[in-house]
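Each chain, written out:
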Amino acid sequence: MLQGRHIIDASDLSVEELSTIVNLALKMNADPEKFSNLCKGKILATLFYEPSTRTRLSFESAMLRMGGSVIGFSDAETSSVKKGENIADTIRVLSNYAHIVVMRHPREGAPLLASQYSRVPVINGGDGGHQHPTQTLTDILTIKYYKKDIRDIKIAICGDLLFGRTVHSLLKTLSRFPNIEFVLISPSELRIPYHLKNSIIEKHNVKIFETTSLEEHINDVNVLYMTRIQKERFFSEDEYIKLKGSYILTPEKLKHARKDLLLMHPLPRVNEISYEVDMDPRAKYFEQARLGVFARMALIALLLGRSH
Amino acid sequence: MLKVTGITQGIVIDHIKTGNGLKIFNKLRLDKLDTTVVLLMNVDSKALGRKDIIKIQDYTDINIDILGLIDQNATINIIKNSKIISKTKVEIPKKVKGLFQCRNPRCITTIDDYAISEFTLVPNEDKLQYRCNYCEEITEYKL
């Protein structure tokens, strides 16, 4: 039962619930018109304490496509936060104005705190370097759409695996599906946190191979998930400059990949995928962003108890 | 030989490892109590050789989780009418709230007064490690 729930971490959703969301999203993608009045009369509040064009607009588009309305702020500098209001007070007031809330916050754990004081479902739209469950839903939906099933997949994840919240969420979630194998490619400074690695190996007994080389492993994976090295997650500019060019995917490198490779990226990219790669039929990152709207539509509808 | 009499009502924290008595005394802020408190250090012990003991008259409301973090071998005796009515061994707390800060500078608990740091014990033989319930970062508890 998803109605009325908070979605803070992708782990809040069971494999069955993930499948329910993905299946509804696929139906919405196939026939969006059919769902155009599904959330009529409902209001989504978008509380964005740090800038994020894509996630916010994707949520807003999702709600508007289902006939719902949207309120919110996209810059904490212009909101009551600037006056020093704490999260608990903000959510206690704003959850009276909307039927569902999505929150992005630079502080890790902020949406969980908000959910403890909210009268309506809270969706985590990204909290610092921690979790980003709707990106994970988008990723799962994309894999299902192109690979038809989420099982027996070898997936390489490349880039910033230490701070990248999309990666943490994806790892934890995919680990729960049958026979998933991970190749984790990153500079040694940006490897996944050891506690995360230990916990998914302990819980799900998945195979994880860590490496620093993209070239050596590109030829034997079904999915390649590229991520950017985010400037804002670094404490020093020098460190950022040193690492940002570490992994750039070019047509040359892709020659060695499988013909049926699914190439994904949560976007925005900086320079980790060269523009020439966009023409490659295996590059699906813009399609992934399109599917993200349907993933969010399905999630909002189910949390509001309106799936058909 | 220094003699300290027993208490008639209250709590005795016994079998404290030598040196931990003062730490527990400070962490429990026992100097703030207006009742009689005795801290005994380096007392002869059959089991430990030497030990520390804390006796608190007319007061039993202490935070056992703090004891569990500092000294897992201590025992707590509740005294009534000069008799021990219950004896409990301290355990490492599985969940702790508000006793120490999350080490992650990006964690919401480091800036928001409503977010009181909460942790869940991560089993580890050598270290006292706790996972933050908000940001999931691991913090090792050290005094």
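The structure displayed is predicted, hence computed values, not measured ones.

Draft legend 1. Summary view of the overall build of chain B. Tallying secondary structure elements over chain B gives two helices and nine strands in all. In sequence order, chain B lays out its α and β elements as β-α-β-β-α-β-β-β-β-β-β. Across its three principal directions, the C-alpha atoms of chain B cover 55 × 30 × 25 Å. Looking at the 143 residues of chain B, the share that counts as buried comes to 41%. Of the charged side chains in chain B, 22 are positive and 18 negative; the average position of the first set lies 5 Å away from that of the second.

Draft legend 2. Spatial organisation of the sheet that holds strand S7 (residues 118-122) of chain B. Residues and elements named next belong to chain B. The four strands are arranged S6-S7-S8-S9 in an open sheet whose pairing can be described as antiparallel. Bordering the open sheet on either side are strand S6 (95-97) and strand S9 (138-140), each of which pairs with just one other strand. Ignoring which end each strand starts from, the neighbouring axes of this sheet average 35° apart. Taken together, the three bridges between strand S8 (residues 129-132) and S9 define a ladder with antiparallel strand orientation. Bridge pairing in S9 places Gln129 opposite Glu140.

Draft legend 3. Expanded view of the pairing of strand S8 (residues 223-226) of chain A. Residues and elements named next belong to chain A. Burial along S8 is two-sided: Val223 and Tyr225 facing one way and Leu224 and Met226 facing the other are all buried. Summarising the sheet, strand S5 (residues 153-158) and S8 pair through four bridges and their orientation is parallel. When the bridges of S8 are listed, Ile155 appears paired with Val223.

Draft legend 4. Geometry of the interface of chain A and chain B. The interface is formed by 24 residues belonging to chain A together with 18 residues belonging to chain B. Together, the buried faces of chain A and chain B total about 1700 Å²; carbon and sulfur atoms form 49% of this surface. The three residues of chain A that bury the most area against chain B are Arg107, Glu108 and His195 of chain A, which together make up 37% of that side's buried surface. Summed over the shared surface of chain A and chain B, the result is two salt bridges. In this structure, Lys172 of chain A engages Glu136 of chain B in a salt bridge whose closest nitrogen and oxygen atoms are separated by 3.0 Å. If you look at where chain A meets chain B, you find 14 residue pairs in polar contact (both at pLDDT 80 or more). For the side of chain A that touches chain B, the secondary-structure elements that each account for two or more residues are helix H3 (87-94), helix H4 (110-117) and helix H7 (194-204) of chain A. With five residues, H4 of chain A is the largest single contributor of residues to the side of chain A that touches chain B.

Draft legend 5. Expanded view of the domain arrangement of chain A. All names here are of chain A. Domain boundaries in chain A define domain 1 (10-131 + 292-303) and domain 2 (133-289). For domain 1 versus domain 2, the separation of C-alpha centres amounts to 25 Å. Contacts between domain 1 and domain 2 engage 30 residues on the former and 23 residues on the latter. Taking both partners together, domain 1 and domain 2 bury about 2300 Å²; carbon and sulfur atoms supply 60% of that area. Three residues, Ala10, Val22 and Gln131, lead the burial of domain 1 against domain 2; their summed loss comes to 22% of the area buried on that side. The tally of links between domain 1 and domain 2 comes to zero salt bridges.

Draft legend 6. Seen up close, the pattern of salt bridges. With the rule as written, the count across this model stands at 21 salt bridges over all chains. A single salt-bridge network, built from bridges that share partners, covers Asp9 and Lys172 of chain A together with Glu136 of chain B.

Draft legend 7. Local environment of the environment of His168 of chain A. Residues and elements named next belong to chain A. Structurally, His168 can be placed in helix H6 (residues 165-174). Placed 158 residues apart in sequence, His168 and Ala10 show a C-alpha to C-alpha distance of 9.7 Å. What His168 contacts, discounting residues up to four positions off in sequence, is Gly129, His130, Leu161, Leu162, Phe163, Pro193 and Leu196. A distance of 2.9 Å separates a polar side-chain atom of His168 from the backbone oxygen of Leu161.

Draft legend 8. Geometry of unusual backbone geometry. Residue and element names in this part refer to chain A. Residues Leu267 and Pro268 are joined by a peptide bond in cis, for which omega reads 0°. In this structure, Pro268 sits in the loop between strand S9 (262-264) and helix H10 (285-303). For Asp152, which is not glycine, the phi torsion reads 50° and is therefore positive. Residue position: Asp152 is located in the loop between helix H5 (133-147) and S5. With a relative accessible area of 48%, Asp152 lands in the partly exposed category.

Conventions adopted
- Residues numbered from 1 in each chain as written.
- Chains lettered and ligands numbered in written order.
- Predicted model: local features only at pLDDT ≥ 70, side-chain atom pairs only at ≥ 80, totals over all residues.
- Heavy atoms only, no water.
- Helix = DSSP H or I, 4+ residues; strand = E, 2+ residues; numbered from the N terminus.
- Buried < 20%, exposed > 50% of the residue type's maximum accessible area, 1.4 Å probe, protein only.
- Lys, Arg positive; Asp, Glu negative; His and termini not counted.
- Charge placed at Lys NZ, Arg CZ, Asp CG, Glu CD.
- Pairing = 2+ DSSP bridges.
- Axes fitted to C-alpha atoms, helices over the stretch in contact; angles between N-to-C directions.
- Contact = heavy atoms within 4.5 Å.
- Buried area = accessible area lost by both parts, 1.4 Å probe.
- Salt bridge = Lys/Arg side-chain N within 4 Å of Asp/Glu carboxyl O.
- Polar contact = N/O pair within 3.5 Å; in protein donor to acceptor, adjacent residues only side chain to side chain.
- Domains from an automatic or database assignment.

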